[in-house]
Amino acid sequence: MNFLRGVMGGQQTSGAQQSGTQTIQKLCDRVASATLLDDRRDAVRALKSLSKKYRFDVATQAMDHLINVLQTDRSDSEIIGYALDTLYNIMSNDADETAESEDENQQIAPDDLGVQFSETFINQQENITLLLSLLEEFDFHVRWPGVKLLTTLLKHQGPQVQQTVLVSPMGVSRLMDLLDDSREVIRNDGLLLLQQLTKSNAAIQKIVAFENAYERLLDIITEEGSSDGGIVVEDCLLLLQNLLKYNNSNQNFFKEGSYIQRMKPWFEVGDDNSGWSAQKVTNLHLMLQLVRVLVSPVNPPGATNSCQKSMFQCGLLQQLCIILMATGVPADILTETINTVSEVIRGSQVNQDYFASVNAPSNPPRPAIVVLLMSMVNERQPFVLRCAVLYCFQCFLYKNEKGQGEIVATLLPSTIDANALSAGQLLCGGLFSTDSLSNWCAAVALAHALLDNATQKEQLLRVQLATSIGNPPVSLLQQCTNILSQGDKLIRRGSKVQTRVGLLMLLCTWLTNCPIAVTHFLHNAANVPFLTAQISENLGEEEHLVQGLCALLLGICIYYNDNSLENNTKDKLKQLIEKRIGKENFTEKLGFITKHEFYSKAAQKPQPTFSSPDHMLFDHEFTKLVKELEVVITKAIYKSSEEDKKEEEVKKSLEQHDSIVSHYKSIIREQDIKMEEFKQTIASLQSTNEQNQSTISLQLGQIQQHKDQYNLLKVQLGKDSQHHGSQNSTTQMNGFQPEDVSRLKGEVEELKRQQDILQGELSEKNVLIESLQQSQVDGQTDQMTEEIQKELETLRSQLHVQSAEINRLQAERMELLQKTETSGSLSASGDSSVNSQSNTEMEQKVAELLKEIAGLKEHLKNQSEEKSSWKQQLDTAQSTAAILQDENQKLKQEVTESKKEQDDLLVLLADQDQKIFSLKKRLKELGEPVEDEDDMESGDAGDEDDIDDDDEDDVRDEED
Amino acid sequence: MAYAYLFKYIIIGDTGVGKSCLLLQFTDKRFQPVHDLTIGVEFGARMITIDGKQIKLQIWDTAGQESFRSITRSYYRGAAGALLVYDITRRDTFNHLTTWLEDARQHSNSNMVIMLIANKSDLESRREVKKEEGEAFAREHGLIFMETSAKTASNVEEAFINTAKEIYEKIQEGVFDINNEANGIKIGPQHSTPGSPGSHLGGQQAGGGCC
Ligand SMILES: Nc1nc2c(ncn2[C@@H]2O[C@H](COP(=O)(O)OP(=O)(O)OP(=O)(O)O)[C@@H](O)[C@H]2O)c(=O)[nH]1
Ligand SMILES: [Mg+2]
């Protein structure tokens, strides 16, 4: 009962403990049995007040009762609040623990009551469901302790609680709503809850992200002032990290949601020296880490690459580079910024190119790369910073042939700039400095400038170093081996092993896949004996790695040997190994590399991280190289006898090859002949082609001509048809307008009407006269009446003559009318239809014209023929119009004539009227009854109206 | 990069009907012949154009296996569109549609647009469910219907785009509350009206009232 003592804290007397236990027992009874809510509430409140002091007793005795309260007394938020508080107090270790860190490893303290009680609580899965439903209660006194309790449960029993939340409907979604709580305490504790909830559970992480977590968290961060904000910002960043780390789906969603752009302003802190509070350093550190999560080398390459792209596009990388070159940035922020920039540019050409172009704001401006390398080979800089710079340099060169070339170029005699400090100079300086860490870093950095790049490996062979005065310059390659073999001559800071391991890694990388470099290396007679001596000696464990690397280098000299040096052919070197070292011994020494304790850690990830400077031995890329080479070199050494056989086989097959070669030669000869033929064909084809081309251009010219002609014709035709089509202008010119025609028609109509009236009057008068005659006949006939009759007779004949004249006039008018109409319709329909038809015809012809040059002329001829026929038609139409005009003139005359005649007739009629009147008078005087004529006149008026109507109809018909 | 609207989709349906393949075909224009069982949920995204407007689709491809059902249910609420997929060569996947639909209707917001998808139309010889049956089911339950093949890419584009069109129309009609992100719709940065958030609808109402 160790923990009991802990709980009681020693000062308690056993009596006090006794009474405490008893009180708790009593309180529990009351909670269980009291019928009044008030009583139960008081009891729970009392339990709460005892729960810190008597944590164990309350936990063991009261837990079930408290859970019961949660189930049954939901309506009273006060008692629920007390119960939750009490449960929180017994689960939480916060009171006991001094430092509850975020570190997962420390999550479970050794003497942990909280874990036990939490386990008891969650054994009933419904309890978590119950707790989740209580969190929906808005009341602060329920929600707040509820949040804290669930957070504690998650801390102690993460996976189980996560699983329960996951399967309860909308469980995660509802917890997300805590972020929207207007009460800051709950929102902030909600953040802590979500942090625990999302720990190492991808499914929950995804749901939380789906519920717009990014948006909400980024909003909170902005509201709180980004890196200047308080611990809430830190909590948001930690939650974001939980959601994104190792979760590709969520990373993709983050990128696709354009949230990378929203990170950029976080880093606008460069030169604003508003001070660096501890919180700000923490916040910024987490912000940088979040960037790194998105572009981590362990992510799928495609994912990292697209994030890198958007980081450049939105200016985030640029912003980071400003911090990189700014002054007054705390060292650990600077270090993390370098690491972040490293991963943002790693393997991304655009970003690498940008990085190469960044200058430090110094006078004169220096490339950022140079400034950084200066720190790398500077012993006074912090170790982690130097590692970060190395990482940055490696990332800059990763899959960047261009960058590798640029770095190596700064060492080459032709491009060396004596005035400016260059990357190459700094690396050489580091390589041969008295600081072993600088040696190692410079060697590895230089190796990265050669990695997978045969061109640069050869280029670097050209580098010569001036040594002491009087001595000839020595190649960089030789200088490296010299330092190796001279061993102890120089007094160095740090470990000798580190320097040698660095140089050997550089040499191995350099010689791999580069036979010329191997030849260079072997050319110096001292090198091979040095290596064999190193390998064969029986040295202490601290020398094992160097021995292994020497074996690797010798192996490379064999494997990539092109046998160009007689004394150091593959075979000779192998024999040497057999004689001096022994195959088994050799492979055992070779095996020392991968068996080294730091090898596997370096193999894990590209970033060079070491727990202490002494552990800085392996480079990540080099571990990959070793893995590849160990196998092939071992094979090359062991299979020597078989290889000989193989070589003979190869020779045999080579002889076979000879015959094959001669066979191919004959084929080539045949093909040569064919090629010659083809060339000739091509030449002839070319000349034909030229001819064709000239013909085509000729024809094109012709086509153009024809086109021009055609266009000209079209324009003319268009003008003509304008003439033709718009009768208005033509008729206006001829003074023969449709209005005139209709006016004439109206006049004629009017005349007709008048004539009709006259006729009607005449016939009436005839009737009258007849009736008069009748009456005369009936009456006594005397001379007077006979005279009158005669007179009447003459009048009648006169009337007949006149009506005949009128009829003739009418007929003439009708004729005229018809003529006018036909001429009008003829001129109207003259082109519109025919013309449009021919236009489409012409258009078709144009199309044909473009295809067939020959057909064009004919078509054009047709066109012009048609055009002349058109012209003829136009002429006839015009002449018809002229004729019509003449006729019209005539008609007008006739009309005036007929008008005159009519006038005469009217005079005549008036006379007759007069006569009739006098006759009537006489008849009346004679005592004959005479009809009145008033009625008839009114009937006439009605007839006139009818005629008017008809007129209007006629007009309308014409319009249609 | 900038979009006028952002729509959230989910893809649901029995395991093996081709949900992940449909998404892959839509986002990457590739076909994956091996069944890579989806664990939980996977995310994909693509930009489309409707009515001259850029629309970003964010798509959550859910696992069809029964054991993931409780996880995948968490995604219904926040989605504006759902593709409910069955396999025309397996009648049981068609028979389960009712259960899927009930589940979706129960957990989603009522305006969620559901597109019924009859996948694997390239396997005509092994067809077990007639097109007419799918059409009838869709008609009966008020869904849009489409036969697709994630393998040949036939109708895949259309399935995703037509769903978006339907959502877009609903927005135009004012059915969706576009200011509530829980509906799975978000207005793009250049589209949001200046002034107070949520002034979009309010502004329209004010305009109507002043006449
Ligand atoms: N012939 C054909 N095969 C398809 C088609 N779509 C999917 N498949 C195949 O069907 C199998 C299942 O496809 P998935 O997309 O992985 O199925 P799923 O619906 O995502 O399954 P879960 O992730 O388990 O829910 C795979 O082998 C695909 O190759 C299609 O249109 N035609
Ligand atoms: Mg799937």
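All figures in this text were calculated on a predicted structure; none of them were measured in a lab.

Caption draft 1: Quick look at the site of ligand 1. Residue and element names in this part refer to chain B. If you check the shell around ligand 1, you find 24 residues, and the closest are Thr15, Lys19, Thr38, Gly64 and Ala150. Pro33 places a main-chain nitrogen or oxygen 2.8 Å from an oxygen atom of ligand 1. Side-chain polar atom of Asp122 to a nitrogen atom of ligand 1: 2.7 Å apart, as the coordinates give it. Its free accessible area being 650 Å², ligand 1 has 92% of it covered by the protein chains. A total of three residues in the shell around ligand 1 trace back to one element, the largest contributor, which is helix H1 (residues 19–28). Of the residues assigned to the shell around ligand 1, the class counts are nine nonpolar, ten polar and five charged.

Caption draft 2: Inspection of the UniProt feature "coiled-coil region" (unreviewed entry) in chain A at higher detail. Per the UniProt record, "coiled-coil region" (unreviewed entry) is found at residues 668–695 of chain A. When the span residues 668–695 of chain A is considered, its composition is 100% helix and 0% strand, and the gap between its end C-alpha atoms is 39 Å.

Caption draft 3: A look at the confidence of the model for chain A. All names here are of chain A. In the predicted model, chain A carries a mean pLDDT of 81, and 80% of its residues have values of at least 70. For the stretch residues 725–736, pLDDT sits under 50, and the model shows 21 contacts to residues farther than four places along the chain or on other chains. Here residues 827–832 scores under 50 on pLDDT; set against residues more than four positions off or in separate chains, the count is twelve contacts.

Caption draft 4: The arrangement of the coordination of the magnesium ion (ligand 2) in detail. All names here are of chain B. Protein coordination of the magnesium ion (ligand 2) is provided by Ser20 (OG) and Thr38 (OG1), with donor distances spanning 1.9 Å. Separated by 18 residues along the polypeptide, Ser20 in helix H1 and Thr38 in the loop between H1 and strand S2 (41–50) bring together distant segments of the chain. Under the relative-accessibility criterion, Thr38 is labelled buried at 12%.

Caption draft 5: Representation of the packing of helix H23 (residues 383–397) of chain A against helix H24 (residues 401–409) of chain A. Residues and elements named next belong to chain A. Running from N to C, H23 and H24 cross one another at 120 degrees; their axes reach a closest spacing of 7 Å. Between H23 and H24, the angle falls in the class oblique. Facing H23, whose interface residues are Phe393, Phe396 and Leu397, H24 presents Gly403, Gln404, Glu406 and Ile407. Split by residue class, the contact of H23 with H24 holds four nonpolar, two polar and one charged.

Caption draft 6: Spotlight on the packing of helix H17 (residues 278–294) of chain A against helix H20 (residues 331–345) of chain A. All names here are of chain A. Closest axis-to-axis distance for the H17/H20 pair is 9 Å, and the angle between their directions is 15 degrees. As summarised for this structure, H17 and H20 are arranged roughly parallel, according to the angle between their axes. Crossing handedness for the pair H17 and H20: left-handed. Contacts from Val281, Leu284, His285, Leu288, Gln289, Val291 and Arg292 of H17 reach H20 at Asp332, Ile333, Glu336, Thr337, Asn339, Thr340, Glu343 and Val344. Tallied by class, residues from the contact of H17 with H20 come to six nonpolar, five polar and four charged.

Caption draft 7: Representation of the interface of chain A and chain B within the structure. Each partner contributes residues to the interface: chain A has 19 residues there, and chain B has 20 residues. Three residues stand out in chain A for area buried against chain B, namely Met170(A), Phe210(A) and Glu256(A), and they jointly supply 32% of the buried area on that side. Viewed at the interface, chain B and chain A are joined by four salt bridges. Note that Lys206(A) and Glu42(B) form a salt bridge whose closest N and O atoms lie 3.2 Å from each other. Inspection of the region where chain A meets chain B yields nine residue pairs in polar contact (both at pLDDT 80 or more). Looking at the side of chain A that touches chain B, the elements with two or more residues in it are helix H9 (158–167), helix H12 (202–210) and helix H15 (248–256) of chain A.

Caption draft 8: A look at the environment of Gly424(A). Residue and element names in this part refer to chain A. Within the element layout of this structure, Gly424 appears in helix H25 (residues 423–431). On the basis of relative accessible area, Gly424 is assigned to the buried category, the value being 0%. Sequence separation between Gly424 and Thr410 is 14 residues; the distance between their C-alpha atoms is 5.1 Å. Those residues in contact with Gly424, other than ones at most four positions away along the chain, are Thr410 and Leu411.

Calculation notes
Residues numbered from 1 in each chain as written. Chains lettered and ligands numbered in written order. Predicted model: local features only at pLDDT ≥ 70, side-chain atom pairs only at ≥ 80, totals over all residues. Heavy atoms only, no water. Near = heavy atom within 4 Å. Polar contact = N/O pair within 3.5 Å; in protein donor to acceptor, adjacent residues only side chain to side chain. Areas by Shrake-Rupley, 256 points an atom, 1.4 Å probe, with all protein chains shown as cover. Helix = DSSP H or I, 4+ residues; strand = E, 2+ residues; numbered from the N terminus. Nonpolar A, V, L, I, M, F, W, Y, C, P; charged D, E, K, R; others polar. UniProt positions renumbered as here; feature names shortened; annotations may be inferred. pLDDT = per-residue confidence, 0-100. Contact = heavy atoms within 4.5 Å. Donors = N, O, S within 2.8 Å, 3.2 Å for Na, K, Ca; no water. Buried < 20%, exposed > 50% of the residue type's maximum accessible area, 1.4 Å probe, protein only. Axes fitted to C-alpha atoms, helices over the stretch in contact; angles between N-to-C directions. Parallel < 35°, antiparallel > 145°, perpendicular 65-115°, else oblique. Left-handed = near helix turned anticlockwise from the far one by under 90°. Buried area = accessible area lost by both parts, 1.4 Å probe. Salt bridge = Lys/Arg side-chain N within 4 Å of Asp/Glu carboxyl O.

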